[in-house]
Amino acid sequence: MEMQLPPHEGSELSVVDMHTGGEPLRIILSGYPEVKGDSVLSKRRYVREHLDHLRRVLMYEPRGHYDMYGALIVDSELPEADLAVLFMHNEGYSTMCGHAVIALGRFAVDYKLVKEPKSPETQVNIHCPCGLVKAFVEYSEGKTGGVRFLSVPAFAFATDVTVTVEGFGEVTVDISYGGAFYAFVNAQRFGLDVSKSRTRDLVDAATAVTRAVKCQVKLDHPASDDLAFLYGTILTDGKDDYSSEPTANICVFAEAQVDRSPTGSGVTARVALQYHKGLIQLNQTRTFQSGATGSQFTGKAVEETKCGDFKAVVVEVAGRAFYTGVSRFVQEADDKLTHGFLLKSLYNGRQFKL
């Protein structure tokens, strides 16, 4: 039987689905109207204010799920960029996503967004809301493989900050930036293990920390106020001293969304934090493991730099992404759930969110 579109109203939304370390990425190929704005950051504001209904259509059920992640390719104002991207999730729009960059690097070569692939690596310049990220895609005999990327300047924003966390009392956190801001806490502070504890318990603890930091710590970024927000909390196994053995973490971001991968921008921020504390040196590679799936990225600080007054580093993160399928989504006018819904987490009380 030949595949064809069912009855529907309006344009179809075409996507390519991938995953990096288990974390999904839905790359939107077509169906969006023009995204206006003279910069990637202004385009991010535009989709949030004018096209957010389409994020809900593609990220929420019944087409997506609570932990779906997406990428919308847009035009860049930078002549050196091969593409620009807007990241989306269950709450809104991120400024950086490492697992998505790894997937998009491979996608850009396979879908010929880069004109002349080169062996053994093809460079893909991806303009993210946080800045230009350079990805390097393994390429041999027409096939793509692993991807590494060089981050925007990453830095430790504040260390040993005490916040009062509901249900847990005073908790000491570190805050670091890797294209987005994260709070870092050893999971043992809550009596938890990032690889063995129930995901629900890890989410509850991390979400409580995120809420506390958002209320009690003011963030700022030298480049733009659009970057000055806490994206989430990363619970770690506390193994921050340099070792050849993997160190595990789990990231809870946006609206209690759980990253299945080790979190590319989180690895970036964690490497910057470890370098700031003198726990690792330049070009010392560490392996970071997802507490959720066991998947791994590698990360290392490769260059010292500055971000405003902050001492910063450029971090290289590497991983693998894989294709899972393609889809063509439609909407019907009399479908009352066509715009999407979420079953919210138990932390917030289960409820039907339209």
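Residues numbered from 1 in each chain as written. Predicted model: local features only at pLDDT ≥ 70, side-chain atom pairs only at ≥ 80, totals over all residues. Heavy atoms only, no water.

- In the nomenclature of an unreviewed UniProt entry, the protein chain is known as trans-L-3-hydroxyproline dehydratase of Oreochromis niloticus.
- Per UniProt, the protein chain carries the Sequence similarities (unreviewed entry) text "Belongs to the proline racemase family."
- The UniProt entry for the protein chain carries this comment under Subunit (unreviewed entry): "Homodimer." (UniProt positions renumbered as here; feature names shortened; annotations may be inferred.)

### Structural notes on the overall build of the protein chain
Phase 1 of the analysis: Counting its secondary structure elements, the protein chain contains five helices and 20 strands.
Phase 2 of the analysis: Compactness check: the protein chain gives a C-alpha radius of gyration of 20 Å against a globular reference of 20 Å for 354 residues, within 12% of the reference.
Phase 3 of the analysis: Across its three principal directions, the C-alpha atoms of the protein chain cover 60 × 50 × 40 Å.
Phase 4 of the analysis: Out of the 354 residues in the protein chain, the part that is buried amounts to 56%.
Phase 5 of the analysis: In the protein chain, 62% of the contacts between residues at least 6 apart in sequence involve partners at least 24 apart.
Phase 6 of the analysis: In the protein chain, 37 side chains carry a positive charge and 44 a negative one; their mean positions are 2 Å apart. (Helix = DSSP H or I, 4+ residues; strand = E, 2+ residues; numbered from the N terminus. Rg over C-alpha atoms; globule rule 2.2 N^0.38 Å. Buried < 20%, exposed > 50% of the residue type's maximum accessible area, 1.4 Å probe, protein only. Contact = heavy atoms within 4.5 Å. Lys, Arg positive; Asp, Glu negative; His and termini not counted. Charge placed at Lys NZ, Arg CZ, Asp CG, Glu CD.)

### Let's talk about the pairing of strand 6 (residues 121-128)
Phase 1 of the analysis: The element strand 6 is extensively covered by neighbouring structure, given that six of its eight residues are classed as buried.
Phase 2 of the analysis: Of the strand pairs in this sheet, strand 4 (residues 83-88) and strand 6 are connected by two bridges, and their pairing is parallel. Across the sheet, L83 pairs through a bridge with I126, a residue of strand 6.
Phase 3 of the analysis: Pairing geometry for strand 6 and strand 7 (residues 131-140), over eight bridges, is antiparallel. Its bridge partner lying in strand 7, I126 is registered against V133.
Phase 4 of the analysis: Once strand 6 ends, the chain turns through two residues before running back antiparallel as strand 7. (Pairing = 2+ DSSP bridges.)

### Thoughts on the side chain of S14
Phase 1 of the analysis: Here S14 lies in strand 1 (residues 9-20).
Phase 2 of the analysis: Polar contacts involving the side chain of S14 include one to the side chain of E12, which spans 2.9 Å.
Phase 3 of the analysis: When near neighbours in sequence (up to four residues on either side) are disregarded, S14 contacts I27, I28, L29, S30, S327 and R328. (Polar contact = N/O pair within 3.5 Å; in protein donor to acceptor, adjacent residues only side chain to side chain.)

### Brief notes about the layout of surface pockets
Phase 1 of the analysis: Taken as a whole, the largest pocket encloses approximately 280 Å³ of empty space.
Phase 2 of the analysis: As for the largest pocket, its lining consists of 19 residues, of which G131, L132, S151, V152 and P153 are closest to the centre.
Phase 3 of the analysis: Top element by residues in the lining of the largest pocket is strand 7. It accounts for four residues.
Phase 4 of the analysis: Taken together, the residues of the lining of the largest pocket sort by class into 13 nonpolar, four polar and two charged.
Phase 5 of the analysis: Residue contributions to the lining of the largest pocket reach at least three from each of two domains, namely domain 1 (9-150 + 323-329) and domain 2 (153-318). (1 Å grid on protein atoms, 1.4 Å probe; cavity = no way out; pocket = protein on both sides within 12 Å on 5 of 7 lines; lining within 4 Å. Points joined across faces, edges and corners; volume = space filled by probe spheres on them. Nonpolar A, V, L, I, M, F, W, Y, C, P; charged D, E, K, R; others polar. Domains from an automatic or database assignment.)

### Looking at the environment of A154
Phase 1 of the analysis: Looking at the secondary structure, you find A154 in the loop between strand 8 (143-150) and strand 9 (155-165).
Phase 2 of the analysis: Between the C-alpha atom of A154 and that of L51, which follows or precedes it by 103 residues, the distance is 30 Å.
Phase 3 of the analysis: Those residues within four positions of A154 in sequence are excluded, and the remaining contacts are Y177, G178, T268, A272, K311, A312, V313 and V315.

### Concerning the pattern of salt bridges
Phase 1 of the analysis: Counting across every chain of the model gives 14 salt bridges.
Phase 2 of the analysis: Between D67 and R260 there is a salt bridge whose closest N-O contact spans 3.1 Å. Of the two residues, D67 sits in the loop between helix 2 (52-59) and strand 3 (70-74) while R260 sits in the loop between strand 14 (257-258) and helix 5 (264-276), which places them 193 residues apart along the sequence.
Phase 3 of the analysis: You can call R260 partly exposed: its relative accessible area is 26%.
Phase 4 of the analysis: Its salt-bridge partner being D201, residue R198 comes within 2.9 Å of it at the nearest N-O pair.
Phase 5 of the analysis: A relative accessible area of 27% places D201 in the partly exposed class.
Phase 6 of the analysis: Ionic contacts of the salt-bridge type, sharing partners, join the residues D52, R55 and R56 into one network. (Salt bridge = Lys/Arg side-chain N within 4 Å of Asp/Glu carboxyl O.)

### Considerations on empty space enclosed by the protein
Phase 1 of the analysis: Evaluation of the coordinates by the stated rule reveals one cavity of 30 Å³ or more.
Phase 2 of the analysis: The calculated volume of the largest cavity comes to roughly 80 Å³.
Phase 3 of the analysis: Around the largest cavity, the lining comprises 13 residues; the ones closest to its centre are C97, H99, Y231, D259 and T263.
Phase 4 of the analysis: Where the lining of the largest cavity is concerned, the elements lending two or more residues are helix 3 (98-110) and helix 5.
Phase 5 of the analysis: Looking at which domains feed residues into the lining of the largest cavity, each of domain 1 (9-150 + 323-329) and domain 2 (153-318) supplies at least three.

### Comments concerning unusual backbone geometry
Phase 1 of the analysis: Look at the link from E61 to P62: it is a cis peptide, with omega at 10 degrees.
Phase 2 of the analysis: Within the fold, P62 resides in the loop between helix 2 and strand 3.
Phase 3 of the analysis: Look at the link from S119 to P120: it is a cis peptide, with omega at 0 degrees.
Phase 4 of the analysis: Of note, P120 is situated in the loop between helix 3 and strand 6.
Phase 5 of the analysis: Phi at A254 is positive, roughly 50 degrees, even though this residue is not glycine.
Phase 6 of the analysis: Looking at where A254 falls in the secondary structure, it is placed in the loop between strand 13 (247-253) and strand 14.
Phase 7 of the analysis: When its relative accessible area of 12% is taken as the criterion, A254 is described as buried.
Phase 8 of the analysis: Even without glycine at this site, N283 takes up a positive phi of about 65 degrees.
Phase 9 of the analysis: Tracing the backbone shows N283 in the loop between helix 5 and strand 15 (286-290).

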